[in-house]
Amino acid sequence: MPLLTVQNLSTAFHTRHGVVRAVQDVSFQLERGETLGIVGESGSGKSVTCYSIMGLVPQPPGRIEGGRALFGSVDLLACSRRELNRIRGRRISMIFQDAMTSLNPFLRIGEQLIEPLMIHEKIPRSAATDRALAMLDEAGISEAEHRLKMYPHEFSGGMRQRVMIAMALITKPDLLIADEPTTALDVTVQAQILELIKKMQSELGMAVILVSHDLGIVSGFCDRVMVMYAGRVMESARTDDLFYDTKHPYTRGLRNSIPALQMKGAELHTIPGQPPDPQHPLPGCPFAPRCIHAVDYCAQEEIVLVDSPPQHGTACLRVQKENLSV
Amino acid sequence: MNLPEIFLKIEDIRTHFPVEKGFLFKRRLGVVKAVDGVTLSLRQGEILGLVGESGCGKSTLGRTVLQLVHPCEGRVVLEGRVLTALRGTALRKARSAFQMVFQDPYASLNPRMTIFDTLAEAMQAHDKVPREELPGRIDALLRKVGLAPQARRKYPHEFSGGQRQRIAIARALAVGPKLLVADEPVSALDVSIQAQIINLLARLSREMGLTLLFISHDLSVVKHIADRIAVMYLGRIVELGPAAQVIEKPLHPYTKALISAIPIPDPRREAQRARILLPGDPPSPLNPPGGCPFHPRCLYAVDRCAQIVPKLEPFGQSEREAACLRVKEINGC
């Protein structure tokens, strides 16, 4: 049985200027110990997907319009707040892009680390402190005893991210959701943090959902990758298949526009145009206006993610109908 | 190209910021040596990529070149004119030769001005363009950066990030500069849009003979656009050389680590390659380590690295330079 099954998740924000459909009809499964990457540009709905699962979408203006998120036998989208609180922070943890804004600046690191243990496991303070020390050590923070008494602003960006990881993993969760965990960091520090998450994952055997805009990070880190665009899943496949057997024109365009892979001198490949405005959704495939392969029916028919071959889903109408190869 | 002459010369620039405490009775706590002895020359039409992690002084260097901050030592010479010696009106007049593009196109455009007003203001700041000529010149400018002339009646909020960056570039070009400093011009943009802006800057540099100082933390972006790359660490340049060579075969241990840390969007190559994991964080520029600034994190550091400050020295026959005491041993010669 999969650890997490998300079915037809749709989340919308009802604002004064109209309805923004941030996530539409997203489905995926996650096995124990598996790593799933969610890739997309800003506004593609990758973060909102995770926030919806964690019950972190502010309602109103947000609203979960439909779908289920089965974690074991519990539907995270429908269960009571009490039930959700028993799961969040204990069995599912989340880390965010900006550690400075997610740590409480008024509390010492020690307090923030011990809190989840005292709430979820109801163990005495001294035992919790011991666990916190061990955890900081695991997370690569030296002089842990001294560090426990420090405030978040006394740490560097990379160290703060380590503290946040220690905090998220101290309850040994089954699933870690990492929302752009390294975007605010320098590349050399990014490599350290990714290595740390990988190490902790193999020690704890937990599943990881890594949200990122960087295909490079995902390629070395994830078992499977889901590419999102305008709130929808465009392509979903095992990492190798996604990179070496790309099916969707958007994934292809995204890969081609990465400077790292292209030779110097040549014009960089670009995707023409701009991402769509989520407030004015177009009928048909949201990528159609920018797609070089688009034909008339792309702008008219609804898209659905179809697996073919198994384990490799594509939402491109032309791939589904005409076996288009990109 | 037959040896074009030196266009921009940066000579031993030091830009230090005092850190003070207190309001009336200021105590000096220390000095941040944001840029500490940088020497560089750029040829006409050349694109130099300036790379480094946050806090290494790359933006301060860019601002010093443009005289937005004054260095405490050193000279900036543009086409034979010593910019660091200019003040007041003379400096303002000279500014039409060098312009800047900023990172965040959401913050760098005035939200209350139409694109026409923004561009017209820039044009008229330096030479008196007759009012009736403005629309024509602005249309031409917008076309040059890939926007439709209709854009001039709109406000910044009506544009996406990539389009705003195009407008910011148009504004910089409005006064006909010869040198453009672009400080992280694509970092705030999505991947699919980044490529568009990089192509635009490369094309403009080629077509207009624009000299470009391209500042970025992202080596893969710089590699694509730059002729040469300069790598900075804690206020100093640690490696300088032709872009392809620096990326293919970095000399300095820091550049090696930096390049190995870039994730490659290719699962098989990513799985095969060895990654150099640097220990620790970049040190605080307020309290830099003695000797080579990189030695506390360096895998090759020996005792003398903690004592001697390495100079940027030529390596081999090519135009390559590195600031490392052990550069010859490490690179096997």
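Quick caveat, the model's predicted, so the values are computed rather than measured.

Enquirer: What exactly am I supposed to notice about the domain arrangement of chain A here?
Expert: Interfaces are often sized by the amount of accessible area the parts lose when they come together. All names here are of chain A. For chain A, the domain assignment lists domain 1 (4-229) and domain 2 (232-322). Each of domain 1 and domain 2 has a C-alpha centre, and the two are 28 Å apart. The partner domain 2 presents 23 residues to the 22 residues of domain 1 that form the contact. Elements that contribute at least two residues to the side of domain 1 that touches domain 2 include exactly β2 (18-30), α9 (215-221) and β9 (224-229). Among the elements that line the side of domain 1 that touches domain 2, the one with the most residues is β2, at 8 residues. Residue composition of the side of domain 1 that touches domain 2, by class: 11 nonpolar, 6 polar and 5 charged.

Enquirer: Teacher, can you tell me more about the sheet that holds strand β12 (residues 313-314) of chain A here?
Expert: Sheet strands associate in pairs through backbone hydrogen bonding, adopting either a parallel or an antiparallel arrangement. Residue and element names in this part refer to chain A. Strand order in the open sheet formed by 8 strands is β6-β7-β8-β3-β9-β10-β12-β11, and the pairing between neighbours is mixed. This sheet does not close on itself; its edge strands, each paired only once, are β6 (92-95) and β11 (306-307). Relative to β12, strand β10 (residues 232-238) runs antiparallel, the two being bridged by 2 bridges. Bridge pairing links Glu235 to Thr314 in β12. The strands that helix α1 (residues 46-53) touches are β3 (35-39), β7 (175-179), β8 (207-212) and β9; relative to β8, the one it contacts most, it runs at about 145 degrees.

Enquirer: I keep staring at the interface of chain A and chain B and nothing clicks. Help me out?
Expert: Chain A puts 40 residues into the contact, and the matching count from chain B is 34 residues. Among the secondary structure elements, those contributing two or more residues to the side of chain A that touches chain B are α7 (157-169), α8 (187-204), α9, α10 (239-244) and α11 (249-256) of chain A. The leading source of residues in the side of chain A that touches chain B is α8(A), at 7 residues. Partitioned by chemical class, the residues of the side of chain A that touches chain B number 15 nonpolar, 17 polar and 8 charged.

Enquirer: Any chance you could explain the pairing of strand β7 (residues 179-183) of chain B here in plain terms?
Expert: The two faces of a sheet get side chains in turn, since along a regular strand they alternate between them. Residues and elements named next belong to chain B. Where burial is concerned, most of β7 is hidden: 5 out of the 5 residues are buried. Side-chain alternation along β7 places Leu179, Val181 and Asp183 on one buried face and Leu180 and Ala182 on a second face that is also buried. Note that strand β6 (residues 98-101) and β7 share 4 bridges and pair parallel. Bridge pairing links Val101 to Ala182 in β7. Both β7 and strand β8 (residues 211-216) contribute to a ladder of 5 bridges, which runs parallel. When the bridges of β8 are listed, Val181 appears paired with Leu213. Taken together, β7, helix α6 (residues 191-208) and β8 form a β-α-β motif whose crossover is right-handed.

About the cut-offs
Residues numbered from 1 in each chain as written. Chains lettered and ligands numbered in written order. Predicted model: local features only at pLDDT ≥ 70, side-chain atom pairs only at ≥ 80, totals over all residues. Domains from an automatic or database assignment. Contact = placed C-beta atoms within 7 Å. Helix = DSSP H or I, 4+ residues; strand = E, 2+ residues; numbered from the N terminus. Nonpolar A, V, L, I, M, F, W, Y, C, P; charged D, E, K, R; others polar. Pairing = 2+ DSSP bridges. Axes fitted to C-alpha atoms, helices over the stretch in contact; angles between N-to-C directions. Buried ≥ 20, exposed ≤ 12 C-beta atoms within 10 Å, placed from the backbone. Right-handed = clockwise from strand over helix to strand, strands pointing away.

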